[in-house]
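Chains, contacts and geometry: an overview
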Amino acid sequence: MYALTKTERFDQHIRSKYYVYNSVFLTLPFDAVGNTGVLLPLFSEVCARGFEQQESPLDIVAFFSQKYLEAPSEHEQISLLFRFIQFIERQIVLFDAIEDAAFSTVNNMEGKGSLRDIKETAEARGLTEACRAYLNTFQVRPVLTAHPTQFYPGSVLGIITDLTQAIRQDNLVAIKQLLAQLGKTPFIKKQKPTPYDEAVSLTWYLENVFYQTAGEMMTYIQKNIYAGQDMQHPILQLGFWPGGDRDGNPFVTSEITLQVANRLRSSILKCYYKDIRSLKRKLTFNRVDDLLADLEDKIYRSVFYSRGELYISCDDFKNQLLAIRQIVVDEHQSLYLNEINELIHKITLFGFYFATLDVRQNSKIHESVFKSLQLYPPDDRQRSVAEKLDFLAQLKADFKPGDYTDELVSSTFDSILAMRYIQEQNGALGANRYIISNCESAEHVMQVYALMRLSGWKQPTVDIVPLFEIIDDLQQAHRVMEQLYQCADYRAHLQRRGNQQTVMLGFSDGTKDGGYLMANWSIYKAKEAITEVSRRYGIEVIFFDGRGGPPARGGGKTHKFYASLGPHIEHQQIQVTVQGQTISSNFGTLDSCRHNLENLLSAGVSNQVFWAEQSSLNNQQKAVLDELAQVGFEAYTRFKAHPKFIPYLEKMSTLNYYAKTNIGSRPSKRKSAEQLEFSELRAIPFVGSWSQLKQNVPGFFGVGSSLKHFEDSGRWDEVQSLYDSSLFFKTLLENSMMSLAKSFFALTAYMKDDAEFGAFWQIIHNEYLLSKRLLLKIAGHQELMQNYPDGQASIAMREQIVKPLLVIQQYAMMRIAQLQKDGSSNELIELYQKMVTRSLFGNTNASRNSA
């Protein structure tokens, strides 16, 4: 019998099950559920009809009320629309759980990109030794952030986990109970979470997913690639931002940072304690049982009876396990050796810190601190860059907490002292990176170095990480790094740090600033230029990518980008932020976590071991990309400069509603000014607002214009050849196709007749149509995402579920505008505003990587 295709597996294990289990909702014993479940499909049909006839949401809702309701009052109609929202929210949860349950069935867990694929490809090509050598230094570091793109509260995430398990077992009784529980569980957080709350939420993934998955992966690699030899190098490492990311978040204090670090340590010790308990039940042998009992006692006391002190060090814990392993090998026929090795691997990966807690702050804050301290001499502006850096390197003082009453100064020094304390408590990797967002110069880096020394940390054991974000900064980044490498004191610091320099590059703000093509190409070129200058100075640069969920923020088929970089970009580590929805959708289950981590590992091995030279871009290809990016940049810049750009976002999108969602501790704007400044707008609400409109502008605008430039000038063969031969360019355009596939302009087609914004809407729609036509042409496809049928099917089903929700959202926004124009009661306006916010939740969760 032939193997089912991905589409067939999707239909059998996801689509069919969704329709069956969705019908269970109708049998739940809740007031009005049956009525809502009957009316919602009718409303969906009316919406589809309205889209075909390009009706406005006002017309669609009016037609539905007239046809299926008995002259409802406005409040009765509002009540029904809210019930629709609640019903759809739970349909989305059901679909999430069904997809999670079927993940290992729909996806080939042992296929291309898996650890097994790495092993077999290396063996077939005679590259096993080269693969081992590369893995001795290579590392993947997912960095979990608390950026607000996750709308499910913890209670709902727990239901999804249990529901996934019940669906996997086809346990209809449990499924019905969980759906009933889901119907009773609130989806809305009454209060904004604190940074500590966000940290606690994300440690669930560390404890329940990453801990087990990473240990199993290390054990597989040791057995199958290293032929049983010990592995000392941690191939996987985790990063963590909640509690350390101070940029634009006044609620992150040094006290919060210390609380989060303590929580991370207690979480990993609890995980170790459970494993020790499990081993103790198995290793009941002479000489081993006493050693295990000693470990159990010391770890238990360190977790439950400790006020910060440890009863065993990380090194002693590992050494005692190594001693136990040796006894088991020598005297007990290696019984349960795999279980012992797996725990040893976990200690290698996680130490006593679990995940490295990064501290991040904006360069403008450091500048303000220096201004308050009045440390610069009067002639500073006349000095050369080298002189400024030397001055900062030589600054001497020993500031103590409480020396300054200025809150900004004291909090900045406190954050540095917190890092030092965490290293003492959790180990050097507990908090060893200080990230400077909005970094524009070498001076910004040296300011942080100087602040650390001024705090009394003469030789800071910290990697100072510049974050380059906007296009101008990306294009100057290699010059900034060379200026740093030429500073003798900073070079000495790098030598103490192993001659490694981490550089972070931001996809989100780059796209917001320069458009999709220019941002991605600028980052690629910045990596090449920084690699060249770093190698010239004997420095190994490590790139840390600030990526979000959707293609507009560096998401999409991320592993393909890393497989395409070639030998001219340093690639000893893959470091990438994972946030919000992307944590739960890509790393929320053991299967999805394993699949995505293995894909990232495979991308590194493929790029550097299997076909490094094949992924290089030649000068002619780079020239084509330069031209494409420039044309796209000019088109996006004209669009961004349109006088209706900001008003459109403010009046026609959900931009102003992100601040009302209690999903994250961080404000939606960097400053609290009433008038919206584009530069102060955060990337998440910016990208998310376009997603709510189903227009996804940041993921495609400028792509069609740039391709048309080559089509019109008779040079289509140049871009076609580039697409056919470059994995980087192909992945770039495929991710843009994903943005197009998630767009749905019929939802907002009514806007074309709007007196104020009709022409502006048409500009967006024309670029969408142009981008779609030319992307299909270059790919040789009839449909978007034709080569990813399972992804295409998933998006189509999710969009089908959520379309009534989108109509409700647009309807509510139109009613708000009408009521405000008429001077109507605030009560109705507030109800509709609440409706917009609630529909925003469901739409975002349905998209899974929309912000």
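Preceding block: the structure.
Reading the values: the criteria
Residues numbered from 1 in each chain as written. Predicted model: local features only at pLDDT ≥ 70, side-chain atom pairs only at ≥ 80, totals over all residues. Heavy atoms only, no water. Helix = DSSP H or I, 4+ residues; strand = E, 2+ residues; numbered from the N terminus. Buried < 20%, exposed > 50% of the residue type's maximum accessible area, 1.4 Å probe, protein only. Lys, Arg positive; Asp, Glu negative; His and termini not counted. Salt bridge = Lys/Arg side-chain N within 4 Å of Asp/Glu carboxyl O. Pairing = 2+ DSSP bridges. Disulfide = S-S within 2.5 Å. Core = buried A, V, L, I, M, F, W, Y, C linked by side-chain atoms within 4.5 Å. Contact = heavy atoms within 4.5 Å. Polar contact = N/O pair within 3.5 Å; in protein donor to acceptor, adjacent residues only side chain to side chain. Expected span 1.5 Å × (residues − 1).

Let us look at the side chain of R265. Secondary-structure assignment places R265 in helix α11 (residues 254-282). Among buried Asp, Glu, Lys and Arg side chains, R265 stands out as unpaired, with E309 the closest opposite charge at 6.8 Å.

On strand β4 (residues 359-362), burial covers both faces: V359 and Q361 on one face and R360 and N362 on the other are all buried. Pairing of β4 with strand β5 (residues 433-437), which is carried by four bridges, proceeds in the parallel orientation. Directly across from V359, in β5, lies its bridge partner Y434.

Okay, the state of the cysteines next. Within this structure, the stated rule accounts for zero disulfides. The thiol of C487 is unpaired, and the distance to the nearest cysteine sulfur, on C439, comes to 14 Å. Among the residues examined, C487 registers a relative accessible area of 4% and is labelled buried.

Here the focus is the nonpolar core. Counting 262 residues, the largest nonpolar core has F43, L135, F240, Y272, F317, Y648 and W690 as its most contacted members. Among all residues touching F317, those that are not within four sequence positions of it are Y272, I276, L295, I299, I312, I347 and F352. Membership of the second largest hydrophobic core comes to seven residues, among which are V143, I435, V465 and M504.

All right, on to the environment of R798 then. Summarising the element assignment, R798 is placed in helix α33 (residues 789-822). For R798 and K346, which are 452 residues apart along the polypeptide, the C-alpha to C-alpha distance reads 37 Å. Of note is the side chain of R798, whose polar atom sits 2.9 Å from the side chain of E99.

Side chains three or four residues apart in an α-helix point the same way, a direct result of the helix having 3.6 residues per turn. Under the 1.5 Å per step criterion, the end-to-end length of helix α17 (residues 407-426) is 27 Å for 20 residues, consistent within 8% with the ideal 28 Å. Looking at α17, one finds that the buried residues are V409, S410, S411, T412, F413, S415, I416, A418, M419, I422, Q423 and N426. On its buried face, α17 is in contact with α11, β3 (356-357), β4, α15 (363-373), β5 and α18 (442-454). A distance of 2.9 Å separates the backbone nitrogen of L408 from a side-chain oxygen at the start of α17, and that oxygen is part of D406. Directly after α17, the chain includes G427, whose backbone phi takes a positive value near 105°.

Strand β8 (residues 540-546) sits mainly inside the fold: six of its seven residues count as buried. Where strand β7 (residues 500-506) lies against β8, seven bridges are found, and the strand directions are parallel. Following the sheet pairing, T502 is matched in β8 by I542. Here β8 pairs with strand β9 (residues 573-579) via two bridges, running parallel. What sits directly across from F544, in β9, is Q575.

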